[in-house]
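# Structure assessment
Spelled out from the first residue to the last, the chains are:
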Amino acid sequence: MLHHQYLDHLAKHFKLREKDGIFSANLDLFEKEICIMKNMNLDSVIPILESLYSHAKREKAKDPTCMLRSLILMTVLRQRGITGWVARTRSNPLIAILTGFEPDATPGVGTYYDFMKRIIDGPYCKPCQCENRVKRSKYNAGLHKRNLKKEKKTKKNDFDPNHSQSEKLAQVLLENEKEPRPKDMYQILEDLHIQLGVKPNIQEELISDLQNLVISGDGSILETAASGSGRSSCACRAEGIYQCDHDRYYTSPTAQWCYDHHRDAYIFGDRYYHLVVTQGGHDFPLLTHMRGGNESDYTLSLTSFDRFLKAVRENDLNITVSIFCGDGHHDAEAHYRYFGAKNVIPIIPLSQASQNAYPHLSEDSDICLDLDGVPICPAGKPMRRHAYSTKKQEHLYNCPAKRGTHRNGKFMYVFHKDECPRQQDCEPHSPLGPYVHLDASSNPRLFPPLPRSSRKFKELMKQRSASERCNFNNDAYNIEGASRNADYGLIRLTLANIAHHAVIRYQVAKKNSSANAMRTQILEGALSSATLEYQDSS
């Protein structure tokens, strides 16, 4: 269904039910949802949805654009489960009409899951008799024989003391930076997010300064609906053995017990990672990635950032990321090398483990450094950063008591005796000395392009809180514990991101319009007026 056909669909049903008092009252109650769905144009994603079906010329059971629109509306209304959503669409005609379906022909529970299975399986592939290929959705639906203790032990045994996982991953990503993304579920969801969420906000100029984008990233845990205990696969319990190390059956193939710092508790679920940009007082999610399991931010962040750059390029968006903000869980040598190769300035604090591990000495043992990597002068005071050479990748620090000023119309450097602990100039023959040169290329982790002690670093670091706020927004959409496996969870997260973008557009439009003007715009050509108050029967 094209967007103009959807608008005709709304106008037709609104006109038919113009004299229905309850329906008209519902228009006031669902003003926000009507405005959001009316202005959400799905035409750009029709090719993506069409790729999920066979090219054979036959009518589809349910229009895929209406299916997607229905799932988006379900997320906007913060409906937790598909079963409850089906009951709601069948009990409230207005909600059914907003999805694009006829009120007496809304999809059932199985139809929604079939649609999401198509997304999980990726673009349609003709079945082949010679291939013994199991669809991803079919694999997810079965029981999975797992041993969580052995999985954790295997992960520890894969540790390489010479090369970390993030180092190996960064090298692979840089070697394959020109390669396109595989045509799979992740590409479909990322493109849907960009086409329906990011692009419209760029067109509305809610996201601007595209050539100097400052983005932040953070990981979180999506709790699964699957049981964390599993089901026994042995007969030990019948023999009186209540604790054994045998494999168990789980309905989730990837979920692990993950520690959540915010809740200070272990949660059975999958870790995901998202990238966010903050502009105009709004937080815009740019990408959410979740491969399943208890993957750390050290590798999830690199994968997500690389996929975002490729998604931007493949969707013809002229975006340049200049700064990346992350917390201490991004403090790894591989991140600084990777972002340096991408000409992105990393705003990452030293992790607590790094602060404890570093002896706070540079390669020159005569130079002491503080916790921010700033050299300490002979008198014991942090030195002033004088300059940074991009060509040489070198920081130059000078005496903290010497600063430039103008006297008698001339610029000169003056020594401030009262600011020096020794009350004397260590190098009176030098205008700025003593000097310290720090080679950032040899250790970009300890000497990043933007020093951690600088005011700009601290100001940019505040933008990292946008990631935390986006975690809160995801929780508000009632998707925690709504899915058994990571693939369905990622679909729900993507829908939440699209809904969040749409809600921001609605809030801005409402702020710039009066209530009457907003309502007139929504019902223009369909209804002249509507009164009364009514609450949704659900």
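We now turn to the structure provided with this report. (Residues numbered from 1 in each chain as written. Predicted model: local features only at pLDDT ≥ 70, side-chain atom pairs only at ≥ 80, totals over all residues. Heavy atoms only, no water.)

On to the overall build of the protein. Broken down by element type, the protein carries 19 helices and 16 strands. Taken over 538 residues, the protein has a buried fraction of 49%. Long-range pairs, those at least 24 residues apart, make up 69% of the contacts in the protein with a sequence separation of at least 6. When the accessible area of the protein is evaluated, it comes to approximately 27500 Å², of which 49% is carbon and sulfur surface. (Helix = DSSP H or I, 4+ residues; strand = E, 2+ residues; numbered from the N terminus. Buried < 20%, exposed > 50% of the residue type's maximum accessible area, 1.4 Å probe, protein only. Contact = heavy atoms within 4.5 Å. Areas by Shrake-Rupley, 256 points an atom, 1.4 Å probe, with all protein chains shown as cover.)

All right, on to the packing of helix α12 (residues 185-203) against helix α13 (residues 297-314) then. Packing of α12 against α13 brings their axes to within 11 Å, and their N-to-C directions diverge by 65°. Remark: the crossing between α12 and α13 carries right-handed chirality. Across from Tyr186, Gln187, Glu190 and Ile194 in α12, the residues of α13 making contact are Arg307, Ala311, Val312 and Glu314. Tallied by class, the residues present in the contact of α12 with α13 amount to four nonpolar, one polar and three charged. (Axes fitted to C-alpha atoms, helices over the stretch in contact; angles between N-to-C directions. Left-handed = near helix turned anticlockwise from the far one by under 90°. Nonpolar A, V, L, I, M, F, W, Y, C, P; charged D, E, K, R; others polar.)

A few words on the sheet that holds strand β3 (residues 231-232). A sheet is described by the order of its strands in space; here three strands give the open sequence β1-β4-β3, paired in antiparallel fashion. Edge positions in the sheet fall to β1 (144-146) and β3, since each has one partner strand and no second. When β3 meets strand β4 (residues 248-250), the two strands line up antiparallel, connected through two bridges. Note that in β4 the partner of Arg231 across the bridge is Tyr249. (Pairing = 2+ DSSP bridges.)

Looking along the chain, the bond that leaves Gly433 and enters Pro434 is cis, with omega of 10°. Considering the arrangement of structural elements, one finds Pro434 in the loop between β15 (410-415) and β16 (436-439). In this model, Asn343 sits at a positive phi of 60°, which is unusual for a non-glycine residue. Among the residues examined, Asn343 registers a relative accessible area of 68% and is labelled exposed. The phi dihedral of Asn408 falls on the positive side, at around 55°, and the residue is not glycine.

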